[in-house]
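Coordinates in review
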Amino acid sequence: MRLFFLFALAVMANSLGDAVAKPSSTGFKVGESFPNLVLPSLADGKPVSLARFRGQKIIVHVFASW
Amino acid sequence: MVGVIQEQHPDRARLFMQWKQMDWPILVDSLNLLGVAVVPITLAMDEYGVIRAVNPERESIERSFLNQTYPKPQEQGVTEIKPPDLKKLRAGTAAGSASSWRTYADALVVWGAESQLDEAIAAYEKAIGLDSSHGPAYFRLGVAFRKRYESGARKADDFQRAVEYWTKALEMDPNQYIWRRRIQQYGPRLDKPYSFYDWVATARQEIQARGEKPALLLVEPAGAEFASPLKAFATDQPARLRPDAQGRVLRDKEGFIRAETALVPAAVAPGESTRVHVAFRPDLRRKAHWNNEVEDLVLWVDPPPGWEVSSRYLRVANPKTVVSRETRSIEFELKCPEKTPPGSVRMPTYALYYVCEDVNGTCLYRRQDLVLEVQVKSAR
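Residues numbered from 1 in each chain as written. Chains lettered and ligands numbered in written order. Predicted model: local features only at pLDDT ≥ 70, side-chain atom pairs only at ≥ 80, totals over all residues.

1. Here's the deal with the overall build of chain A
Each helix and strand counted, chain A has 1 helix and 3 strands in total. For chain A, buried positions account for 27% of its 66 residues. (Helix = DSSP H or I, 4+ residues; strand = E, 2+ residues; numbered from the N terminus. Buried ≥ 20, exposed ≤ 12 C-beta atoms within 10 Å, placed from the backbone.)

Structure follows, in structure tokens:
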């Protein structure tokens, strides 16, 4: 699992998105909870929130295919 | 790993994940409800949903995050949240607040059907009328217009309106790069930071080479969406005679082919460029269709003195079938001369094409003069 996380991160580091301008703050703060958003799952469009993953540590990657 | 994607077209992210052979769960945030201003962002979240690191180094994830035991918070918080109830949200708008209209509109776009985009657009407009200072509402209204443009419920000026609302949102928050990228995705090459979707072709090749079938894209990236950035305005000016210089070809008065134009950005500053999108659609009520047996659809652009155009003569190659009904898109770019005063500038443009009436099969060669008005804004 650990190795998989790191492999996935390595792939994402080479992937697309914005290396250009980063605002000084991403808007996220250590110690705060992730926003309670319910969004469609890419796989089947069904509603999912990150609350589903409670009970395990996760890496959340906010990105775009461009 | 869990992903949250910030793009309107989730099918493109699906193709991307297939290409990279990653299958972690992904949530689709096409309206930027998360409110992030840039991507990518990586967060380490503990078992209780608390953020423990923002954009951490890989080593620190292994070293500290995965090994650490985090304290259980006093308030556990909700463990599962339900999707919005559209009926309840609609009832909530009776309160009349801008935020109730925004919440309802967001839910309609994310969870409603295509047929409900009209209602979503009306709800955002209502919200903006009540509170014109909320930047995200403008961005999301733009997304709703672009979604409707790509749907069966499309109205001719939906794309242009999307661009206008995205531009307005960006004026309110110029550091919002998700919003900025949305305009640049369709805009001039001088303003593009990178190609956006040129990876799609490579992805498809590599997936097929593995013996798999590439995931289907509902809307193909086109034109601006994969054009590479340029540092200087490029024009191709082969010596070419203006087609139908005498203007003798009969005009398409019956409106067999409907032409829609959108400029990205809608208003151009002197010295800067704009990308013109023209879509030609056979009028289905008249059962019109393209005739592909003779010449291609041609567009001719006649810019006023001083204006540069990426190409004056543009074509869409006929497909191999004898007749067809697809929408044909042409894109080109205009560069506004320095010292142009603000105001509206007419750009003479016309198209020539072969079109058939379905009913009795009569095929006609027709010309359509496009009304292309470019808004010039004040120099920065």
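Back to the text.
2. A few points about the overall build of chain B
Within chain B, the regular secondary structure consists of 9 helices and 17 strands. Once the C-alpha set of chain B is aligned to its principal axes, its extents read approximately 80 × 55 × 50 Å. Out of the 380 residues in chain B, the part that is buried amounts to 37%.

3. Details of helix α5 (residues 117-130) of chain B
Residue pairs spaced three or four apart in an α-helix point in one direction, given the helix's 3.6 residues per turn. Residues and elements named next belong to chain B. Taking 1.5 Å of rise per residue, the 14 residues of α5 would be expected to cover 20 Å, and the 20 Å separating its terminal C-alpha atoms lies within 8% of that figure. For α5, the full list of buried residues reads Leu-117, Ala-120, Ile-121, Ala-123, Tyr-124, Ala-127 and Ile-128. Across the axial projection of α5, the buried residues extend over an arc of 160°, all falling on one side. Those residues of α5 that are buried lie in contact with α4 (98-111) and α6 (135-149). (Expected span 1.5 Å × (residues − 1). Arc of directions from axis to C-beta. Contact = placed C-beta atoms within 7 Å.)

4. What to know about the interface of chain A and chain B
Across the contact, 51 residues belong to chain A and 63 residues belong to chain B. Contributions of two or more residues to the side of chain A that touches chain B are made by α1 (2-13), β1 (38-40), β2 (47-49) and β3 (58-63) of chain A. Ranked by residue count, the leading element in the side of chain A that touches chain B is α1 of chain A, at 7 residues. By the bridge criterion, 4 bridges tie β3 of chain A to strand β1 (residues 2-5) of chain B in an arrangement that is parallel. Looking at the pairing, Phe-63 of chain A lines up with Ile-5 of chain B of β1 of chain B. (Pairing = 2+ DSSP bridges.)

5. Regarding the packing of α4 of chain B against α6 of chain B
Residue and element names in this part refer to chain B. Remark: α4 packs on α6, axes separated minimally by 11 Å, with the N-to-C direction vectors making an angle of 30°. Taken as a pair, α4 and α6 cross one another with a handedness that is left-handed. When α4 is examined against α6, the residues Arg-102, Ala-105, Asp-106 and Val-109 are found in contact with a partner set consisting of Ala-137, Arg-140, Val-143, Ala-144 and Lys-147. Residues of the contact of α4 with α6, tallied by class, amount to 5 nonpolar, no polar and 4 charged. (Axes fitted to C-alpha atoms, helices over the stretch in contact; angles between N-to-C directions. Left-handed = near helix turned anticlockwise from the far one by under 90°. Nonpolar A, V, L, I, M, F, W, Y, C, P; charged D, E, K, R; others polar.)

6. Some points on the sheet that holds strand β5 (residues 257-264) of chain B
For sheets, the rule is that strands pair by backbone hydrogen bonds, running either parallel or antiparallel. Residues and elements named next belong to chain B. Spatially, the 4 strands line up as an open sheet ordered β5-β7-β13-β10, and their pairing is antiparallel. Taken across any chain shown, the strands that pair with only one partner, and hence form the sheet edges, are β5 and β10 (308-309). Across 8 bridges, the pairing between strand β7 (residues 273-282) and strand β13 (residues 328-335) is antiparallel. In the strand pairing of β13, Val-278 is matched with Ile-330.

7. Points about the nonpolar core
Residue and element names in this part refer to chain B. Judged by nonpolar contacts, the single largest core of 98 residues is most densely connected at Ala-105, Ala-120, Tyr-124 and Ala-144. Counting residues per element, this core draws most heavily on α6, at 8 residues. No fewer than three residues from each of domain 1 (86-186) and domain 2 (233-376) sit in this core. Those residues in contact with Tyr-124 that lie beyond four places of it in its chain are Ala-105, Ala-137, Arg-140, Leu-141 and Ala-144. (Core = buried A, V, L, I, M, F, W, Y, C linked by C-beta atoms within 7 Å. Domains from an automatic or database assignment.)

8. Quick look at the sheet that holds strand β17 (residues 373-376) of chain B
All names here are of chain B. Spatially, 3 strands are ordered β6-β17-β14 in an open sheet, and the strand pairing comes out mixed. Taken across any chain shown, the strands that pair with only one partner, and hence form the sheet edges, are β6 (267-268) and β14 (343-346). Where β14 and β17 come together, 4 bridges link them in antiparallel fashion. The residue of β17 that forms the bridge with Val-345 is Val-374.

9. With respect to helix α7 (residues 158-172) of chain B
Residue and element names in this part refer to chain B. Under the 1.5 Å per step criterion, the end-to-end length of α7 is 21 Å for 15 residues, consistent within 8% with the ideal 21 Å. Of the residues making up α7, those classed as buried are Asp-158, Phe-159, Arg-161, Ala-162, Val-163, Glu-164, Tyr-165, Trp-166, Ala-169 and Leu-170. On the buried face of α7, the contacting elements are α6, α8 (177-186), β5 and β7.

10. Things to note about the domain arrangement of chain B
Residue and element names in this part refer to chain B. According to the domain assignment, chain B contains domain 1 (86-186) and domain 2 (233-376). Each of domain 1 and domain 2 was reduced to a C-alpha centroid, and the two centroids are 29 Å apart. Taken together, the 8 residues of domain 1 in the interface contact 7 residues of domain 2. For the side of domain 1 that touches domain 2, the leading source of residues is α7, giving 5 residues. Taken together, the residues that form the side of domain 1 that touches domain 2 break down as 5 nonpolar, 2 polar and 1 charged.

11. Thoughts on the environment of Trp-24 of chain B
Considering the arrangement of structural elements, one finds Trp-24 of chain B in the loop between α1 (10-20) and β2 (26-28). The spatial distance from the C-alpha of Trp-24 of chain B to the C-alpha of Arg-90 of chain B is 34 Å, given a sequence separation of 66 residues.

12. A word on the packing of α1 of chain B against helix α9 (residues 199-209) of chain B
Residues and elements named next belong to chain B. Between α1 and α9, whose axes approach to 9 Å, the crossing angle comes to 45°. Here α1 lies oblique to α9, going by the angle between them. Here the hand of the crossing between α1 and α9 comes out left-handed. Touching Leu-15, Phe-16, Gln-18 and Trp-19 of α1 are Val-200, Ala-203, Glu-206 and Ile-207, all from α9. (Parallel < 35°, antiparallel > 145°, perpendicular 65-115°, else oblique.)

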